[in-house]
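# Topology and contacts: notes
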Amino acid sequence: MENDDFEPKIIGFLCKWCGYAGADLAGVSRLEYPPNIVTIQIPCTGRLDVQFVLEAFRKGADGVLIAGCHTPNDCHYFSGNFKALKRIALLKKLLEQLGINPKRVRIEWISATEGRKFAEVVKEFVEEIKRMGPLKLR
Amino acid sequence: MAEEKIKIAVCPGAGCGGCDVSLVNLHEKLLELSELVDIVYWPTAIDQKMEDLEKIEHIDIVIFEGSIRTKAHEELLKMARKKAKILVAYGACACFGGIYALGNLFFRKELLEMGYLLTPSTENEQKKFPGELVKIDNIIIKIPELIDWNMPLDKLVSVDVYAPGCPPRDKVLEKLVEVIKDYIENGLVPERGVVLADIKTICDECPREKPDKIVIRRFRRIHEGPVDPEKCFLAQGIICLGPVTRSGCGLPCIKANMPCRGCMGPAPAVKDPGAKFITSLASLIEVDRERSLSDEELVKRVQEIPDPVGYFYRFTLGRGIIDKTQREEGEG
């Protein structure tokens, strides 16, 4: 696609304990990553209602990133990350049926020490969404 | 509101006629009602055309069944809204797009080709489609043209009263009769957007025994072996939309040992029924083995559900945050 000047809008739902702390570390460590992501802190990825993701798309997001604690043992609330994993898996199938590329949703496990991983994931995701082009909903 | 009877019109949109039949389910109440009201328009029951409705200057209550799929439906709905004091969206199609809203997974052209050319039982030598003039036995007719997408009524006009269900059941009908009587006796027009059902979910009212922790190991379809009539469907691995669906239907399906399929539409706190149901259902799958299965295995187990849109939005895709296909026409 000829989307050289397309700057994707990405919403990041980051869990308070891992994903958000990882993003924080990326910031404190002055790691560079594209400014296309707007992060929203949630208490746990298990709090992520699938409605939030669709709502983000409806309100103009081109991609949604969910970042939480590593499976199997890192979740602060024991099993919230598993809930998110399963929900997103089913959502991806739904998106495919609705004609939306399921890769516009990405779920990653990023711990509080993985600032570098957070920066890498955002970089990669922004590139990927740029290649897909904007999401124009009907 | 003195001697003169109030006027009611029943207008059909894209529907199956089941709503008309359900009106007859009023039984003796229909007689009672007919003493209080004049049914001035009901093309399913009496031979009437849109012109007949046009001639009627003022209508008190319009009961509109079915969703909006053709130009004629659009016209009829706009006319009905203009004339009506109270517009009732009657049935799941009028309220949420209904089962026909699943047609929004396809483009108009694809639907027409399938319906008017490709199905084995279709004979259409002239390759005529709705919207064109067709000559049959020296009579020229025109079937109304399809619009691009299927819509519930409130995408086009404001709706005063929602009577959900496929079709609306006795309890909803009783409430509708109350609305009509209230209007006759006190001239009361209900608050805009009122839903003639409860504020709870089906699960809230369901008498089936629910375990503390529901674990779904394997999904089952209703025909695969016996279904325990006392036990929660989800606990038996049968998909039931009870957690996200509004109650007020009287649970006819549950009582007949069939799972809820969501025709009452989303419960009040639910914005998007399908997405909310994913949130609820996915967490139950293999919930006690999350740690022993790998992430990949878990994902695979969850994705065993073959048709999430068809099941989770069976009657409500028109209410979805994303309510139609987003692919390019001709793609996929």
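Residues numbered from 1 in each chain as written. Chains lettered and ligands numbered in written order. Predicted model: local features only at pLDDT ≥ 70, side-chain atom pairs only at ≥ 80, totals over all residues.

## Considerations on the overall build of chain B
The following threshold applies: Strands are runs of DSSP state E lasting at least two residues, helices are runs of H or I lasting at least four, and both sets are numbered from the N terminus onward. Restricting the calculation to C-alpha atoms gives the radius of gyration, and the globule rule supplies 2.2 Å times the number of residues raised to the power 0.38. Once C-beta atoms are placed from the backbone, each residue is buried if 20 or more other C-beta atoms lie within 10 Å of its own, exposed if 12 or fewer, and partly exposed for counts between those two. Distance between backbone-placed C-beta atoms decides contact: two residues are in contact if it is within 7 Å.
On a plain count of helices and strands, chain B comes out with 12 helices and 10 strands. Its C-alpha radius of gyration of 22 Å places chain B within 12% of the 20 Å reference for a compact globule of 332 residues. Overall, chain B is about 70 × 55 × 30 Å in size when its C-alpha atoms are taken along their principal axes. The buried share of chain B, reckoned over its 332 residues, is 39%. In chain B, 75% of the contacts between residues at least 6 apart in sequence involve partners at least 24 apart.

## Some thoughts on the interface of chain A and chain B
The cut-off we apply is this: Each residue receives one of three labels: charged for Asp, Glu, Lys and Arg, nonpolar for Ala, Val, Leu, Ile, Met, Phe, Trp, Tyr, Cys and Pro, and polar for the others, Gly being one of them.
Contact with chain A, which involves 26 residues of that partner, is made by 28 residues of chain B. Among the elements of the structure, α2 (50-58) and α3 (80-97) of chain A are those that each provide at least two residues to the side of chain A that touches chain B. With 11 residues, the top contributor of residues to the side of chain A that touches chain B is α3 of chain A. Each residue belonging to the side of chain A that touches chain B can be placed in one class, and the counts come to 13 nonpolar, five polar and eight charged.

## Re the sheet that holds strand β9 (residues 161-163) of chain B
Across a sheet, paired strands are connected by hydrogen bonds in the backbone, their directions being either parallel or antiparallel. Note the cut-off: Strand pairing requires that DSSP identify at least two bridges connecting the strands.
Read across the open sheet, the six strands follow the order β2-β1-β3-β5-β9-β10 (chain B); overall the sheet is parallel. For this open sheet the edge positions go to β2 (37-41) and β10 (194-195) of chain B, each flanked by a neighbour on one side alone.

## Focus on the sheet that holds strand β4 (residues 105-109) of chain A
All names here are of chain A. To keep it simple, the criterion reads: Every axis corresponds to a line fitted to the C-alpha atoms, with the helix fit spanning only the stretch in contact, and the corresponding angles, defined between N-to-C directions, vary from 0 to 180 degrees.
Taking strand neighbours across the sheet as the criterion, the four strands line up as β2-β1-β3-β4 in an open arrangement whose pairing is parallel. The open sheet has two edge strands, β2 (37-42) and β4, and neither has a second partner. On average, each strand axis in the sheet is inclined to that of its neighbour by 20°, with strand direction left out of account. Where strand β1 (residues 10-15) lies against strand β3 (residues 63-68), five bridges are found, and the strand directions are parallel. Opposite I11, over in β3, you have V64 as the bridge partner.

## Section: helix α10 (residues 273-282) of chain B
Among the 10 residues of α10 of chain B, 10 are classified as buried, and the element is accordingly described as predominantly covered. Regarding α10 of chain B, the residues found buried are P273, G274, A275, K276, F277, I278, T279, S280, L281 and A282 of chain B. In this fold, the buried residues of α10 of chain B make contact with α2 and α3 of chain A together with α11 (295-302) and α12 (308-312) of chain B.

## Re the domain arrangement of chain B
What counts, and what does not: An automatic or database domain assignment supplies the start and end points of every domain.
What the domain assignment reports for chain B is domain 1 (6-98 + 152-195), domain 2 (107-144) and domain 3 (198-321). For domain 1 of chain B and domain 2 of chain B, the distance between their C-alpha centroids amounts to 30 Å.

## Description of the pairing of β3 of chain A
All names here are of chain A. For clarity, the cut-off: Consider the strands pointing away from the viewer: the crossover is right-handed when the path from the first strand over the helix to the second runs clockwise.
Here β3 lies mainly inside the structure; six of its six residues are buried. Every second residue of β3 is oriented toward a common face, with G63, L65 and A67 on one face and V64, I66 and G68 on the other, all of them buried. Bridging between β3 and β4 involves five bridges; their strand directions are parallel. Its bridge partner being in β4, L65 is matched across the sheet by R106. Handedness of the crossover joining β3 and β4 through α3: right-handed.

## A few points about the packing of helix α1 (residues 19-28) of chain A against helix α4 (residues 115-132) of chain A
All names here are of chain A. Here is the rule: Each angle receives one of four descriptions, namely roughly parallel if under 35 degrees, roughly antiparallel if over 145, roughly perpendicular if within 65 to 115, and oblique otherwise.
α4 packs onto α1 with a crossing angle of 95° between their chain directions and a minimal axis gap of 7 Å. As the angle between them shows, α1 and α4 are arranged roughly perpendicular. For the pair α1 and α4, the contacting residues are G22, A23, L25 and A26 in the first and G115, K117, F118 and A119 in the second. A per-class count over the contact of α1 with α4 returns five nonpolar, two polar and one charged.

## Observations concerning the packing of α3 of chain A against α11 of chain B
Packed helices, taken two at a time, are described by the angle their axes make and the gap between the axes. Quick reminder of the rule: Here is the rule for handedness: rotate from the far helix to the near one, and if that takes an anticlockwise turn smaller than a right angle the crossing is left-handed, while a clockwise turn gives right-handed.
Two elements in contact, α3 of chain A and α11 of chain B, have axes separated by 9 Å at closest approach and are oriented at 45°. It follows from the interaxial angle that α3 of chain A and α11 of chain B lie oblique. Between α3 of chain A and α11 of chain B the crossing geometry is right-handed. For the pair formed by α3 of chain A and α11 of chain B, the contact residues are F82, L85, K86, A89 and L90 of chain A on the first element and D295, L298, V299 and V302 of chain B on the second.

## What about the nonpolar core?
All names here are of chain B. This is how the line gets drawn: For the purposes of this analysis, a nonpolar core is taken to be any set of buried Ala, Val, Leu, Ile, Met, Phe, Trp, Tyr and Cys residues that are connected through C-beta atoms within 7 Å.
By size, the foremost hydrophobic cluster in this structure holds 131 residues, and its most contacted members are I61, V62, F64, V88, A89 and I278. When residues are assigned to domains, this core turns out to be shared by domain 1 (6-98 + 152-195) and domain 3 (198-321), each giving three or more. With near-sequence residues (within four places) excluded, A89 lies in contact with F64, A94, C95, L153, D154, V159, Y162 and A163.

## Some words on the environment of T316 of chain B
Residues and elements named next belong to chain B. Of note, T316 is situated in the segment after α12. Sequence separation between T316 and F129 is 187 residues, and the spatial gap between their C-alpha atoms is 28 Å. The residues contacting T316, other than those within four sequence positions of it, are F96, G97, G262, G265, P266 and P273.

## Focus on the environment of A235 of chain B
Residues and elements named next belong to chain B. Residue position: A235 is located in the loop between α8 (202-205) and α9 (252-255). Residue A235 is classed as partly exposed on the basis of its 18 C-beta neighbours within 10 Å. On a C-alpha basis, the gap between A235 and R217 in space is 9.3 Å, while along the polypeptide they are 18 residues apart. Non-local contacts of A235, meaning those with residues more than four positions away in its chain, are made with K210, P211 and I214.

## Regarding unusual backbone geometry
Cis geometry marks the peptide bond from T71 of chain A to P72 of chain A; its omega dihedral reads -5°. With respect to the helices and strands, P72 of chain A occurs in the loop between β3 and α3. With an omega of -10°, the peptide bond between C166 of chain B and P167 of chain B qualifies as cis. Checked against the element boundaries, P167 of chain B lands in the loop between β9 and α7 (170-186). Backbone geometry places N138 of chain B, a non-glycine residue, at a positive phi of 65°. Along the polypeptide, N138 of chain B turns up in the loop between β6 (133-136) and β7 (139-142).

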